[in-house]
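What follows is each chain in one-letter form.
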Amino acid sequence: MLLTHMVFRCSFILLTLCYCSEGLEYKKPVEDRVIVRDEEVEDKPLCYNHIHKFYRQMKCEPETTPGARCPTSYKCPTLEGRKNDSCYYDGKEYPLGANLTLDSADFHSPCIQSCQCVQVLEEAGFKCSVREQKCEALPAGCKRLPFQSSYPCCHRAVTSCNKGEKVRCKFNGITYDEGSKFYPVADFTCIQCVCAAGFNGSISPPYCQQFPCVPELQTVASAMLTRGCIPAYMQMGGCCPISFRCPRPTDTIIKAYVKPMESISGKVCKFGNLTLEIGDRLSTWYMPGGRGRETLCYCLVPPLASCLVRFHVTPEERMALSEGEILGEAT
C-alpha cells in the first residue's frame, strides 16, 4: 500500500514537472521581497498555485482526500449551472438589474463605488463605477503618480515629492524614470510598481501594489465562465487569468499515462461534453491572434481544468493586462 502511495505521489510530481519542461516553470515568490495576499499568507506552499487562487477568488469550498496536503477538489455552486441572465459574486447569484454597493459587498478594490448586473454579449455580468472622491491637496513640489488600473482613484496612486531633483529608480539592474511602471515578477498580473521619490528597491507599499483580481467583476471573464470556459494563466503562480479557453467540437482528451494519487477521489473536470480525470489534459490550444504558443490545459484540481500559456507579451498587451482586461477567448 505504501509503495502504491509513493507511485501515485511521484506521478503527480512528474505531471507538475511537465509544465516546467515546457517553459512554464513556477517559482514561489520570496516573501520578504514580494507582497503576499492576506488569504495566501497562511497557505501551504504546495497550494500556492493559480488554480487554488482561482477557486478562493470564486469563494469555492475546498474538499480534501485523506493524506493530501492541499485540497484535491472544490465545491463551486456558482460555477455549475450558471444562468445567462444572472450575475454571480462572492458565492451569490443576482438577477439582471441588481445593484451591489459598498454597504452590501466587499469589492476587494478601494476604487469601486458600485456594480450593476447588466447584459454582456449573450450573458450577464457586473458593470462597475469608480468611487467619486476628491483627492487631498499635495504639498508644493509633489505629484500623484497613478498605478495602471481599470478603476483609477486616489488610493491607486503613490505620491512623489522630488523637491526639484531628478528621480530615478533602480531594480534588478534596470533604471526607471519617475512615473514609470514596472513589474517585479514575471507574471504581469500580480504586482505593479511605480517609480517615485523614496523608492529603495523594496517591493512593498506605497510604491508597489497587487492587482485586485476579481474575475466576477470583469464582465468578459464572467461571461466566459457562464459559457463553460476555463481560465488560462501565464505561470503556475499566476494571480489573474489572461484569457479563457472555451469548448469546441474539435477538442479531445489526452489521457494521463499514470494516474496521480489525487485521482482516487473520483472527482473529474468537465469541459463542454468532455470529462477529464485528474491528470488528463486537453488537446493543444493556441491563443487567438497568435499571442501565445501552444498552451497546456490539465485537469489538476476539479471541477475545472486550467491552462498555462507559453506567452510573449507586447507592451500594449502588458498595459491591457495591468488594467484587468482579458486577451480574447479561445479560437
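Keep in mind that what you see is a predicted model, and the values were worked out from it rather than measured.

1. Concerning the nonpolar core
Link 1 in the chain: In this structure, Phe54, Tyr55, Cys60, Leu79 and Ile230 are the most contacted members of the largest nonpolar core, which totals 40 residues.
Link 2 in the chain: Secondary structure elements with two or more residues in this core: helix 2 (50–57), helix 3 (219–226), strand 15 (230–233), strand 18 (268–271), strand 21 (292–301) and strand 22 (304–311).
Link 3 in the chain: A total of six residues in this core trace back to one element, the largest contributor, which is strand 21.
Link 4 in the chain: Counting 22 residues, the second-largest nonpolar core is a separate cluster that includes Val158, Tyr176, Cys195 and Phe199.

2. Some points on the pattern of salt bridges
Link 1 in the chain: Summed over all chains, the structure comprises nine salt bridges.
Link 2 in the chain: Close ionic contact of Glu123 with Arg227 constitutes a salt bridge, the shortest N to O distance being 3.1 Å. Note that Glu123 is positioned in strand 7 (residues 123–130) and Arg227 in the loop between helix 3 and strand 15, a separation of 104 residues in sequence.
Link 3 in the chain: Note that Lys255 and Glu277 form a salt bridge whose closest N and O atoms lie 3.3 Å from each other. Of this pair, Lys255 sits in the loop between strand 17 (253–254) and strand 18 while Glu277 sits in strand 19 (residues 274–277); the two residues are 22 residues apart in sequence, bridging distant segments of the chain.
Link 4 in the chain: Given a relative accessible area of 45%, Lys255 falls into the partly exposed group.
Link 5 in the chain: Several salt bridges share partner residues, and in doing so they unite Lys255, Glu277 and Asp280 into one network.

3. Notes on the state of the cysteines
Link 1 in the chain: Scanning all chains against the criterion turns up 13 disulfides.
Link 2 in the chain: Paired through a disulfide, Cys142 and Cys161 show a sulfur-sulfur distance of 1.9 Å. Where Cys142 bonds to Cys161 through sulfur, the torsion about that S-S bond is close to 110 degrees, and the disulfide is right-handed. You can see Cys142 sitting in strand 8 (residues 142–146) and its partner Cys161 sitting in strand 9 (residues 157–161), a full 19 residues away along the chain.
Link 3 in the chain: On the basis of relative accessibility, which here comes to 18%, the residue Cys142 falls in the buried class.
Link 4 in the chain: Judged by its relative accessible area of 32%, Cys161 is partly exposed.
Link 5 in the chain: Each disulfide pairs two cysteine sulfurs, and for Cys213 the partner residue is Cys240, the sulfurs being separated by 2.5 Å. Here Cys240 lies in the loop between strand 15 and strand 16 (243–245) and Cys213 lies in the loop between strand 14 (208–210) and helix 3, a separation of 27 residues in the sequence. The residues Cys213 and Cys240 share a single accessibility class, namely buried.

4. Some thoughts on the sheet that holds strand 13 (residues 191–194)
Link 1 in the chain: What the three strands build is an open sheet, ordered 12-13-14; its pairing is antiparallel. A strand with exactly one partner marks an edge of an open sheet, and here the two such strands are strand 12 (181–182) and strand 14.
Link 2 in the chain: As judged from the two bridges shared by strand 12 and strand 13, these two strands associate in the antiparallel manner. Bridge pairing in strand 13 links Phe182 to Cys193.

The rules behind each value
Residues numbered from 1 in each chain as written. Predicted model: local features only at pLDDT ≥ 70, side-chain atom pairs only at ≥ 80, totals over all residues. Heavy atoms only, no water. Core = buried A, V, L, I, M, F, W, Y, C linked by side-chain atoms within 4.5 Å. Buried < 20%, exposed > 50% of the residue type's maximum accessible area, 1.4 Å probe, protein only. Helix = DSSP H or I, 4+ residues; strand = E, 2+ residues; numbered from the N terminus. Salt bridge = Lys/Arg side-chain N within 4 Å of Asp/Glu carboxyl O. Disulfide = S-S within 2.5 Å. Pairing = 2+ DSSP bridges.

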